[in-house]
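A structural walkthrough
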Amino acid sequence: KQWYQRRVRGCQAYYIWIDGTGQGLRGKTKTLDSPTMNPEELPIWNFDGSSTGQSIGTNSDIYIKPVACFRDPFRRGDNILVMCETLDDQGNPHPTNKRRSCFEAMEKVKAEHPWFGIEQEYTMFDYTGRHPYGWPSNGYPGPQGPYYCGVGSDRVKGRKIVEAHYRACMYAGIKIAGSNAEVMPSQWEYQVGPCEGIDMGDHLWVSRWILQRVAEEFNVVISFDPKPIEGDWNGAGCHTNVSTLAMREDGGYDHIIAAVEKLSLKHEEHIITYDPTGGEDNKRRLTGLHETASIDKFNYGVAHRGASVRIPRQVEADRKGYFEDRRPSSNADPYDVTNRIIMTICLDE
């Protein structure tokens, strides 16, 4: 082994936080004297917020408080990834910190045991970030149809990245549940969940960081843009599956319908929350075409992929289970999304 690969004293903790865009992830490494997987045993740290769009230069320090730990699939051993929330100079949640309000909402409904499962779609681009990975250098691939869940080098691009990401998430302790090639070539999806309460946001954000870190090794750019290619191509979403304990028990179907009806009354509030630009990004995606509902009106249906909310066919048959909110964009903040859903269906806010 090289000298830097030999066993050393202490371990490394990679602190991860969300930057001022509400979409980007930042991170840096701290040396620990001894290993731990307990975020409460880790020190609060800080970073230069003027370089991340979160402060001005004359008062630039932003605190980062550890909230969740995962095994580091890149450094391995006792090294860890640490999801953090951002605090201002008074120790209060920073305006860009969406986790704290989500955590507070989840604490209020703990007895209802809200479960979430999020389907994260994304698109691979070449190193420039402008040309879809594996697409012809001049022109477009054939029309959509053969790519979804496909196999073969003429239909699937980037599988090595997908497989590496999947295994890295499993090693880290992310609750990754599956993956598949999507309808547009070079577009993929993976699923995380079921996660209860605040864990959904922690697991999805760290899974996004791991995906982008894996893609670095292949000189590939990961895009979470909800409509990365204009024209007759599918967009990318973050479909969010939701259930409470009452929905999962016998007779739960009535609770599912009641929750969906509540969502119908708060459609505008959800659209504003379901992407980091207050709905502007989703306007390009939620057109009523390409397996989406219109951004302007709410609808729901059983097995209906053109609806705002889909109730799976098996759920209707079992008369219990969950529903799928198909409106969140691929670049949505899962803390915001799950918080808004709980506020509507459980807290009547």
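Refer to the preceding data block for the structure.
Residues numbered from 1 in each chain as written. Predicted model: local features only at pLDDT ≥ 70, side-chain atom pairs only at ≥ 80, totals over all residues. Heavy atoms only, no water.

Bringing the overall build of the chain into the picture now. Within the chain, the regular secondary structure consists of nine helices and 13 strands. Taken against the 2.2 N^0.38 rule, which gives 20 Å for 349 residues, the C-alpha radius of gyration of the chain at 21 Å falls within 12% of a compact globule. Judged by the C-alpha coordinates and their principal axes, the chain covers about 60 × 55 × 40 Å. Burial status across the chain gives 52% buried among its 349 residues. (Helix = DSSP H or I, 4+ residues; strand = E, 2+ residues; numbered from the N terminus. Rg over C-alpha atoms; globule rule 2.2 N^0.38 Å. Buried < 20%, exposed > 50% of the residue type's maximum accessible area, 1.4 Å probe, protein only.)

This part is about the state of the cysteines. Within this structure, the stated rule accounts for zero disulfides. Cys69 takes part in no disulfide bond, and the closest cysteine sulfur, belonging to Cys84, lies 8.4 Å away. The class for Cys69 is buried, based on a relative accessible area of 14%. No disulfide involves Cys346; its nearest neighbouring cysteine sulfur is the one of Cys102, lying 12 Å away. (Disulfide = S-S within 2.5 Å.)

Right, let's talk about the side chain of His267 for a bit. Residue placement: His267 occurs in helix α6 (residues 267-273). Reaching out from His267, the side chain makes a polar contact with the backbone oxygen of Ile295 at a distance of 2.9 Å. (Polar contact = N/O pair within 3.5 Å; in protein donor to acceptor, adjacent residues only side chain to side chain.)

On to the packing of helix α3 (residues 199-216) against helix α9 (residues 334-345). For any two helices packed against each other, the geometry comes down to the angle between their axes and how far apart the axes lie. Running from N to C, α3 and α9 point in directions that differ by 155°, and their axes come no closer than 8 Å. Taken together, the axis directions place α3 and α9 in an arrangement best described as roughly antiparallel. The element α3 and its partner α9 pack so that their crossing is right-handed. Seen from α3, the contacting residues are Met200, Gly201, Asp202, Leu204, Trp205 and Arg208; seen from α9, they are Pro334, Tyr335 and Thr338. By residue class, the composition of the contact of α3 with α9 is five nonpolar, two polar and two charged. (Axes fitted to C-alpha atoms, helices over the stretch in contact; angles between N-to-C directions. Parallel < 35°, antiparallel > 145°, perpendicular 65-115°, else oblique. Left-handed = near helix turned anticlockwise from the far one by under 90°. Contact = heavy atoms within 4.5 Å. Nonpolar A, V, L, I, M, F, W, Y, C, P; charged D, E, K, R; others polar.)

The residue Ala164 is located in helix α2 (residues 159-172) in this model. Taking C-alpha positions, Ala164 is 9.1 Å from Ala215, a pair spaced 51 residues apart along the chain.

As enumerated under the stated definition, the model contains nine aromatic pairs in all. With a centroid separation of 6.1 Å and 65° between ring planes, the pair formed by Trp135 and Tyr140 is classed as edge-to-face. Aromatic side chains Phe298 and Tyr300 sit 6.5 Å apart centroid to centroid with 50° between the ring planes, which places their arrangement in the tilted category. Among the aromatic residues, ring-to-ring pairing joins Tyr14, Phe74 and Trp209 into one connected group. The ring of Trp205 carries Arg208 above its face, with NZ or CZ at 4.7 Å from the centroid. (Phe/Tyr/Trp six-rings, centres within 6.5 Å; stacked < 30°, edge-to-face > 60°. Lys NZ or Arg CZ within 6 Å of the ring centre and 35° of its normal.)

Our focus in this paragraph is unusual backbone geometry. Geometrically, the link from Gly193 to Pro194 is a cis peptide bond, its omega value of 0° lying close to zero. Within the secondary structure, Pro194 is located in strand β8 (residues 187-196). A positive phi is found at Arg76, a non-glycine position, where the angle reads about 55°. By the secondary structure assignment, Arg76 is in the loop between β4 (61-71) and β5 (80-87). The phi angle at Asn219 is positive, at roughly 55°, despite the residue not being glycine. Looking at where Asn219 falls in the secondary structure, it is placed in the loop between α3 and β9 (221-223).

This part is about the sheet that holds strand β2 (residues 25-32). With mixed pairing, five strands are arranged side by side in an open sheet as β2-β1-β5-β4-β3. The open sheet is flanked by β2 and β3 (45-48), the only strands paired with a single partner. Neighbouring strand axes in the sheet, compared pairwise and without regard to direction, differ in orientation by 40° on average. In the sheet, strand β1 (residues 11-18) pairs with β2 via eight bridges, with the strands oriented antiparallel. Bridged to Ile16 within β2 is Gly27. Across the sheet, α3 lies against β1, β2, β4 and β5, angled at about 120° from β5, the strand it touches most. (Pairing = 2+ DSSP bridges.)

Compared with an ideal rise of 1.5 Å per residue, which puts 14 residues at 20 Å, α2 spans 20 Å between its outermost C-alpha atoms and is within 8% of the ideal. Inspection of α2 places Ile161, Val162, His165, Ala168, Cys169 and Ala172 among the buried residues, and these make up the whole buried set. Buried residues of α2, viewed axially, fall in a sector of 135°; they line one side. Exposed positions of α2 whose direction lies more than 90 degrees from the buried face are Lys160 and Arg167. In the core, the buried residues of α2 are packed alongside β4, β6 (115-125), β7 (176-181), β8 and α3. (Expected span 1.5 Å × (residues − 1). Arc of directions from axis to C-beta.)

Right, let's get into the nonpolar core. As a rule of thumb, soluble globular proteins bury nonpolar side chains together. Counting residues in each nonpolar core, the largest one holds 64 residues, and the members touching the most others are Met83, Tyr122, Ile210, Phe323 and Ile345. Broken down by element, the residue count for this core peaks at nine residues, all from α3. If near-sequence neighbours (up to four positions away) are discounted, Ile345 is found in contact with Val242, Met247, Ala259, Lys262, Leu263 and Phe323. Among the nonpolar cores identified, the runner-up in size contains 14 residues, and Leu32, Leu42, Ile64 and Ile80 belong to it. (Core = buried A, V, L, I, M, F, W, Y, C linked by side-chain atoms within 4.5 Å.)

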